[in-house]
Amino acid sequence: MDLDSLAGSIDRKALVELTRRLVRIPSVYRPGASGEGEGEGEVASFVADYLKGMGLEPQWEEVEPGRPNVWAEVRGNAPGPCLLLEAHTDVVTEGDPGAWTYPPFEAVLASGRIYGRGSADTKGNLAAAIMAVKALAAHRDSWRGKVILCCPVDEEGMMKGIKRFLQAGHAAGVDAALICEPEENQVCVSQKGAMRATITVKGKMAHGAIPRVGINPIPRMARVLLAVEKIEEWQCREHGEHPHLGWPSLTPTIFQAPQTGEPQINVVPSEAYATLDIRTIPGQSEEVLESGLRSILQKESFADPKFNATMEIIERRPWTETPMDHPLVKSVSEAARRVLGRPPVYNGVPGATDGTFLHVAGIPIVTTGAGGRLIPHQVDEYVDVQELVEASQIFAVAAALFLG
């Protein structure tokens with residue numbers, strides 16, 4: 001197999017133009033919005049038409065009204081393994097457009113960079129994956145098996161797109177998945193897990209001048225959150241600092257008292273509400289964490305007869321780790337070495353990706369792609385064009401090696 005020829009067939013000009021066209025479609029999901037271009041419908045339609053123009057037969061399935069997953073496959077010259085290339089179609093909000101140096105959905109090309117919301121996360125990598133699949137299709141005589149390009153919705157939300165893709169059985173037979181995300185073309189073999197919890201402490205409204213006739217939930221919630229901090233310290237001692245992912249964390253992110261209605265300085269609220277963003281590293285147990293959190297509430301209720309609290313785990317995204325000797329890790333590593341001309345850099349993904357649920361389904365994953373690791377979700381998001389071309393080459397060469 002001529003891997004240099006495969007990498008060299010990535011069309012830089014076409015890749016840049018495709019990225020810019022994708023960024024210009026503002027695929028931010030805004031619940032309740034009805035304006036044209038809101039959500040993933042328009043970009044999914046564009047991607048499907050583009051894949052048709054490449055001679056592929058894209059499949060289409062609505063996850064929610066106006067929010068369709070799109071995918072297509074390319075087969076090699078003989079039966080063999082199946083590799084999934086995955087890149088989502090949604091992007092986060094642009095925030096205040098006036099805060100941007102360039103308009104967030106104009107995809108301005110300046111100084112070798114493409115600026116705009118989603119340029120790095122992950123419209124640029126979606127374009128790079130499409131160009132890689134196009135190159136693989138043109139060289140299909142040199143590899144076997146099958147490549148599936150998967151473009152799901154809602155990665156920035158509850159990941160409903162990849163969940164539906166899996167539930168519908170579309171990933172049956174997939175042997176491994178390459179997740180196309182902004183990782184500076186580093187080879188990411190692990191990623192943090194995420195648990196989200198809500199805690200509600202019930203109280204009783206009262207006048208601030210006579211608080212003893214009520215039950216104040218605020219100090220009771222404060223005791224709970226201080227105990228959560230102790231659990232974080234315990235988990236850090238227990239598991240240490242991961243070489244790629246850093247420390248585990250249990251972070252309070254929302255505190256409201258009352259949960260609904262207008263807060264007043266002279267009113268004891270009827271309840272307090274808090275959320276926890278829990279990030280896990282390999283080796284941690286979600287069951288142990290949940291048990292520890294529930295024990296806090298139990299201990300508080302024993303110590304305080306007026307303590308009344310509930311906790312709900314609203315999301316579970318387990319940590320992932322793929323062994324260094326897995327064929328996909330070896331393939332991506334060799335591809336990065338060939339394309340970049342240096343040894344690959346190994347790392348981990350600090351947040352969850354759609355790959356989380358592919359991993360849960362038993363599919364090994366590796367994450368890589370163009371874009372600074374700190375760039376996503378910020379004002380003036382951009383992707384470096386040269387890095388983007390290299391990402392597309394890595395995708396193509398890694399797939400060919402894995403399927404070769």
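Bear in mind that the values here come from a model prediction, so they are computed numbers and not experimental data.

*Asks:* Now, about the sheet that holds strand E11 (residues 249–256): what can you tell me, with residues and values included?
*Replies:* Strands sit in the order E11-E13-E9-E14 across an open sheet of four strands; the sheet is antiparallel. Edge positions in the sheet fall to E11 and strand E14 (309–317), since each has one partner strand and no second. Across the sheet, the mean angle from the axis of one strand to that of its neighbour is 20 degrees, orientation sign disregarded. Strand direction decides the pairing type here: strand E9 (residues 193–202) and strand E13 (residues 271–280), joined by 10 bridges, are antiparallel. Note on E13: the bridge partner recorded for Thr 200 is Tyr 273.

*Asks:* Now, about the packing of helix H4 (residues 119–138) against helix H10 (residues 385–403): what can you tell me, with residues and values included?
*Replies:* Remark: H4 packs on H10, axes separated minimally by 8 Å, with the N-to-C direction vectors making an angle of 45 degrees. The pairing of H4 with H10 is recorded here as oblique in orientation. H10 is crossed by H4, and the crossing has right-handed handedness. In contact with Gly 124, Asn 125, Ala 128, Ala 129, Met 131, Ala 132 and Leu 136 of H4, H10 contributes Leu 388, Ala 391, Ser 392, Phe 395, Ala 396, Ala 399 and Ala 400. A per-class count over the contact of H4 with H10 returns 11 nonpolar, three polar and no charged.

*Asks:* Could you give me a rundown of the pairing of E9, with the residues and numbers involved?
*Replies:* Among the 10 residues in E9, eight count as buried, and that is most of the element. In the sheet, E9 pairs with E14 via eight bridges, with the strands oriented antiparallel. Pairing of Thr 198 across the sheet is with Glu 312, part of E14.

*Asks:* Account for the side chain of His 326, naming residues and giving values.
*Replies:* Structurally, His 326 is set in the loop between strand E15 (320–321) and helix H8 (327–340). Overall, the relative accessible area of 17% leaves His 326 in the buried class.

*Asks:* Could you give an account of the pattern of salt bridges, naming the residues involved and the relevant values?
*Replies:* Here the structure, examined in full by the defined rule, presents 22 salt bridges. With a closest N to O distance of 3.3 Å, Arg 67 and Glu 64 form a salt bridge. Residue classification places Glu 64 among the partly exposed positions, given a relative accessible area of 22%. The closest approach of N and O atoms between Glu 315 and Lys 163, which form a salt bridge, is 3.7 Å. Placement of the pair is Glu 315 in strand E14 and Lys 163 in helix H5 (residues 160–167), with a sequence separation of 152 residues. Several salt bridges converge on common partners, so that one network encompasses Glu 40, Glu 64, Arg 67, Asp 154 and Lys 160.

*Asks:* Now, about the nonpolar core: what can you tell me, with residues and values included?
*Replies:* Counting residues in each nonpolar core, the largest one holds 70 residues, and the members touching the most others are Leu 51 and Ile 130. Sort the elements by how many residues they give to this core and H10 lands first, with 13 residues. Setting aside its immediate chain neighbours within four residues, Leu 51 contacts Leu 56, Pro 58, Val 70, Ala 72, Ile 130 and Leu 149. Judged by nonpolar contacts, the second largest core, of 21 residues, contains Met 195, Leu 276, Ile 278 and Leu 293.

*Asks:* Could you give me a rundown of the environment of Asp 380, with the residues and numbers involved?
*Replies:* Structurally, Asp 380 can be placed in the loop between strand E17 (365–368) and strand E18 (382–384). Taking the C-alpha atoms as reference points, Asp 380 and Ala 110, 270 residues apart in sequence, are found 12 Å from one another. Excluding its chain neighbours within four sequence positions, the residues that come into contact with Asp 380 are Trp 100, Thr 101, Tyr 102 and Tyr 115. A distance of 2.7 Å separates a polar atom in the side chain of Asp 380 from the backbone nitrogen of Thr 101.

*Asks:* So what's going on with the packing of aromatic side chains? Which residues, and what values?
*Replies:* Describing an aromatic ring pair means giving the distance of the ring centres and the angle of the ring planes. Enumeration over the complete set of coordinates arrives at four aromatic pairs. Ring centres 5.4 Å apart and planes at 80 degrees place the aromatic pair Trp 71 and Phe 165 in the edge-to-face group. Of this pair, Trp 71 sits in strand E2 (residues 67–75) while Phe 165 sits in helix H5, and the two are 94 residues apart along the sequence. Judged by its relative accessible area of 11%, Trp 71 falls in the buried class. According to the relative accessible area criterion, Phe 165 is buried, its value standing at 0%. Taking 5.0 Å as the distance between ring centres and 50 degrees as the angle between the ring planes, the aromatic pair formed by Tyr 102 and Tyr 115 counts as tilted. One end of the pair, Tyr 102, is in the loop between strand E3 (82–86) and strand E4 (109–110); the other, Tyr 115, is in strand E5 (residues 113–115), and 13 residues separate them in sequence. Connected via pairs of aromatic rings, a cluster forms that spans Tyr 102, Tyr 115 and Tyr 382. Its end group placed over the ring of Tyr 29, Arg 67 keeps NZ or CZ at 3.5 Å from the ring centre.

Rules used in this analysis
Residues numbered from 1 in each chain as written. Predicted model: local features only at pLDDT ≥ 70, side-chain atom pairs only at ≥ 80, totals over all residues. Heavy atoms only, no water. Pairing = 2+ DSSP bridges. Helix = DSSP H or I, 4+ residues; strand = E, 2+ residues; numbered from the N terminus. Axes fitted to C-alpha atoms, helices over the stretch in contact; angles between N-to-C directions. Parallel < 35°, antiparallel > 145°, perpendicular 65-115°, else oblique. Left-handed = near helix turned anticlockwise from the far one by under 90°. Contact = heavy atoms within 4.5 Å. Nonpolar A, V, L, I, M, F, W, Y, C, P; charged D, E, K, R; others polar. Buried < 20%, exposed > 50% of the residue type's maximum accessible area, 1.4 Å probe, protein only. Salt bridge = Lys/Arg side-chain N within 4 Å of Asp/Glu carboxyl O. Core = buried A, V, L, I, M, F, W, Y, C linked by side-chain atoms within 4.5 Å. Polar contact = N/O pair within 3.5 Å; in protein donor to acceptor, adjacent residues only side chain to side chain. Phe/Tyr/Trp six-rings, centres within 6.5 Å; stacked < 30°, edge-to-face > 60°. Lys NZ or Arg CZ within 6 Å of the ring centre and 35° of its normal.

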